[in-house]
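Each chain, written out:
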Amino acid sequence: MRYIFKKPLFPYVIGIFVLVLLTGLVLSQLTSDYIILFSVLFVEFVVLIIMLLHVFDRYMKPIKKVTKTVNELVKGNYRARIHHNSSGSVGELSNKVNILARNLSELTIQEDMHEKQLTTVIDNTESGLVLIDEKGYIHLVNRKFVSMFGKTPKDYKGYLYYDVLDNEKIHNLVQQTFLYEENVKESFTQIIDFNKKYIQIVGAPIFNERRILKGAVLVFYDITELKKLELMRKDFVANVSHELKTPITSIKGFAETLIESKENNPEVLDKFHKIIFDESERLQLLIQDLLTLSNLEKSEFELKVTEFDLVKVVDEVVAIIGQQAKMKKLNLTVDIENKLMIKADKEQIKQVLINLLANAVSYTPENGEIKLEVKKTEEYIHVSIKDTGIGIEKNAIPRLFERFYRVDKARSRNTGGTGLGLAIVKHIVEVHDGKISVDSEINKGSTFHVYIPTNLS
Ligand code: ADP
């Protein structure tokens, strides 16, 4: 009965009331017995009300629920469902609406997932991305772009590209992409976190299915590393040419003098011959070092790892370098156990020891000390080569292992150095998965530390 006076039923109740009144009027013409008349009218009223409630409960209530659910679906709440056990066509309608709601909610979940996947891909690409519509408004910027140009996505999205991007080259690129309707490339430099970065940008037009321009995608590549490599390659070629030029010019000059001057003073001749010999030896050394480096850098380079006694290799190296040390009156001492087995590439390790000890001899003045110490820990075999030489300035240390880098160019050349020794050492240590470091103090000496892992396979 609680439904009766609810709004939707009210007109029907009034209708029943009017119908009962009309029946009462008609019956009052046929009988004057009020008891019968009222009993009939009461029964009629009750029957009609029960019928109304039945119709309401079976048809109107479920339809109301269906309407409510459909309204929720229209609003975007795809979790709305009809909970009503109706049969017949209303029940079928409820079922169908429930299926529709379930499908819609599955579709939204899939759409959400796709959107998330797309956002993840866009945000995690290694290139900066910007999407501009045909009017020039920015619709999307990814994480990489924000890391390149600063600010937050909110500072770009919804703005005209020329209001938020102040690089003229980007403006030109967008205009050309819109004008020519084809991919356009451009590059520029940008200061990011106080570092100069080289950025390459590609503008690609976007068309709809009727080939009407709808906007453009700008892709920003950070090509700083590539530029650095290109620069390094150029520097390397220039350096090699320069290093080769010096001895070749010298050899050619002295040979010409010998040919043209008809000099027969044996002392002068000897001097010239010696210069030519020394310079050609320098050339040979340089070429040898260049070949060693290029071999180490080859992608197919493989270490010839064997297990050997490092003490024996140290002895061989000391025998070679000991001569030069003796000539300079340097005291070369070795501190190593009687036997120290190591797994590594024997020839490469020998090269490391030769280069470091030769440097210690070259850069230590007469009567100095050189100490080679080897210690084995669980993780590493630690080789240290300590000298009491000229030392290295602090700011030169980070560049020490670059090819052709010399702290004092003239002094290094005089020692016969190629400027490649430490670059080779570093390469060998790194292909062994090891580490190298330097402690040094001007006029006090330097210590080079090499760590070779013990578990090298
Ligand atoms: P180089 O053939 O010129 O010795 P390296 O690559 O072996 O080339 O060394 C690079 C530079 O590092 C040298 O020119 C020198 O200035 C510096 N250097 C290397 N070893 C020492 C050392 N033990 N003491 C002082 N300076 C050193």
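Owing to the predicted nature of the structure, the values given are computational and were not obtained by experimental measurement. (Residues numbered from 1 in each chain as written. Predicted model: local features only at pLDDT ≥ 70, side-chain atom pairs only at ≥ 80, totals over all residues. Heavy atoms only, no water.)

A. Spatial organisation of the overall build of the chain. Within the chain, the secondary structure is distributed over 12 helices and 12 strands. Taken against the 2.2 N^0.38 rule, which gives 23 Å for 457 residues, the C-alpha radius of gyration of the chain at 46 Å runs more than 25% over that of a compact globule. Referenced to the eigenvectors of the C-alpha coordinate spread, the extents of the chain come out at roughly 165 × 65 × 35 Å. Taken across its 457 residues, the chain has 35% of its residues classed as buried. Put simply, 59% of the contacts in the chain that link residues at least 6 apart link residues at least 24 apart. Surface summary for the chain: the accessible area is close to 29,200 Å², and the carbon and sulfur share equals 57%. Charged side chains in the chain number 61 positive and 60 negative. The centres of these two groups are separated by 6 Å. (Helix = DSSP H or I, 4+ residues; strand = E, 2+ residues; numbered from the N terminus. Rg over C-alpha atoms; globule rule 2.2 N^0.38 Å. Buried < 20%, exposed > 50% of the residue type's maximum accessible area, 1.4 Å probe, protein only. Contact = heavy atoms within 4.5 Å. Areas by Shrake-Rupley, 256 points an atom, 1.4 Å probe, with all protein chains shown as cover. Lys, Arg positive; Asp, Glu negative; His and termini not counted. Charge placed at Lys NZ, Arg CZ, Asp CG, Glu CD.)

B. Structural context of the sheet that holds strand E2 (residues 138-141). What the five strands build is an open sheet, ordered E2-E1-E5-E4-E3; its pairing is antiparallel. Each edge of the open sheet is held by one strand with a lone partner, namely E2 and strand E3 (184-192). Taken pair by pair, the neighbouring strands of this sheet meet at an average axis angle of 20 degrees, ignoring direction. Across six bridges, strand E1 (residues 128-133) lies against strand E5 (residues 213-222) in antiparallel orientation. Paired with Gly 128 across the bridge in E5 is Phe 220. Against the sheet, helix H6 (residues 168-180) contacts E1, E3, strand E4 (195-207) and E5, and its axis sits at roughly 160 degrees relative to E3. (Pairing = 2+ DSSP bridges. Axes fitted to C-alpha atoms, helices over the stretch in contact; angles between N-to-C directions.)

C. Main features of the packing of aromatic side chains. In the structure shown here, the tally under the stated rule is 11 aromatic pairs. For the ring pair Phe 145 and Phe 149, a centre distance of 4.7 Å and an interplane angle of 25 degrees mean the geometry is stacked. Here Phe 145 and its partner Phe 149 are both found in helix H4 (residues 143-149), four residues apart, which amounts to about one turn of the helix. Of the two residues examined, Phe 145 and Phe 149, each falls in the buried class. Members of the aromatic cluster, each reached through a chain of ring pairs, are Phe 145, Phe 149, Tyr 156, Phe 188 and Phe 220. Between the NZ or CZ atom of Arg 211 and the centre of the ring of Phe 207, over which it lies, the distance is 4.0 Å. Sitting over the face of the ring of Phe 236, Arg 403 holds its NZ or CZ atom 4.5 Å from the ring centroid. (Phe/Tyr/Trp six-rings, centres within 6.5 Å; stacked < 30°, edge-to-face > 60°. Lys NZ or Arg CZ within 6 Å of the ring centre and 35° of its normal.)

D. Broad picture of H6. An ideal rise of 1.5 Å per residue puts 18 Å on 13 residues; H6 measures up with 18 Å between its terminal C-alpha atoms. Within H6, the full set of buried residues consists of Ile 170, His 171, Leu 173, Val 174, Thr 177 and Phe 178. For H6, the arc enclosing every buried residue in end-on projection is 165 degrees, short of the 170-degree limit, so these residues lie on one face. Opposite the packed face of H6, turned more than 90 degrees from it, sit the exposed residues Glu 168, Leu 179 and Tyr 180. (Expected span 1.5 Å × (residues − 1). Arc of directions from axis to C-beta.)

E. Examining the sheet that holds strand E12 (residues 445-453) more closely. Taken in spatial order, the five strands line up as E7-E9-E10-E12-E11 in an open sheet, and their pairing is mixed. Two strands bound the open sheet, and with one partner strand each, they are strand E7 (331-335) and strand E11 (435-441). Neighbour-to-neighbour, the strand axes of the sheet open up by a mean angle of 10 degrees, direction not taken into account. In terms of strand pairing, strand E10 (residues 380-387) meets E12 through seven bridges, oriented antiparallel. Counted as the bridge partner of Tyr 380 is Pro 453 from E12. Taken strand by strand, helix H12 (residues 421-431) contacts E11 and E12, and its axis lies near 140 degrees from that of E11.

F. Fine view of the packing of helix H8 (residues 266-297) against H12. Direction vectors running N to C along H8 and H12 enclose 25 degrees, while the axes themselves pass 10 Å from each other. With respect to each other, H8 and H12 are oriented roughly parallel. Handedness of the crossing formed by H8 with H12: left-handed. Together, Asp 289, Thr 292, Leu 293, Leu 296 and Glu 297 of H8 and Gly 421, Ala 423, Ile 424, His 427, Ile 428 and Val 431 of H12 make up the contact between the two elements. Grouping the amino acids of the contact of H8 with H12 by side-chain chemistry returns six nonpolar, three polar and two charged. (Parallel < 35°, antiparallel > 145°, perpendicular 65-115°, else oblique. Left-handed = near helix turned anticlockwise from the far one by under 90°. Nonpolar A, V, L, I, M, F, W, Y, C, P; charged D, E, K, R; others polar.)

G. Main features of the site of the ligand. With respect to spatial proximity, 20 residues lie near the ligand, and among them Asn 359, Tyr 363, Ser 412, Gly 419 and Leu 422 are the closest. Between the ligand and Asn 359, the relevant distance is 2.8 Å, taken from an oxygen atom to a side-chain nitrogen or oxygen of the residue. Between the ligand and Asp 387, the relevant distance is 2.9 Å, taken from a nitrogen atom to a side-chain nitrogen or oxygen of the residue. Coverage of the ligand by the protein amounts to 97% of the 530 Å² it exposes when considered alone. For the shell around the ligand, the secondary-structure elements that each account for two or more residues are H12 and E12. For the shell around the ligand, a count of residues per class yields nine nonpolar, eight polar and three charged. (Near = heavy atom within 4 Å. Polar contact = N/O pair within 3.5 Å; in protein donor to acceptor, adjacent residues only side chain to side chain.)

H. Inspection of the environment of Glu 297 at higher detail. Examined against the element boundaries, Glu 297 turns out to sit in helix H8. Overall, Glu 297 belongs to the partly exposed group, its relative accessible area being 40%. Distance in space between the C-alpha atoms of Glu 297 and Gly 128 is 32 Å, their sequence separation being 169 residues. If we ignore the near neighbours within four places in the chain, the residues touching Glu 297 are Arg 403 and His 427.

I. Looking closely at the pattern of salt bridges. One pass over the structure, following the stated rule, counts 17 salt bridges. The partner of Glu 92 in a salt bridge is Lys 96, and the shortest N-O contact between them spans 3.6 Å. Of this pair, Glu 92 and Lys 96 both sit in helix H3 (residues 88-124), separated by four residues, roughly a single helical turn. Judged by its relative accessible area of 48%, Glu 92 falls in the partly exposed class. The class for Lys 96 is partly exposed, based on a relative accessible area of 49%. (Salt bridge = Lys/Arg side-chain N within 4 Å of Asp/Glu carboxyl O.)

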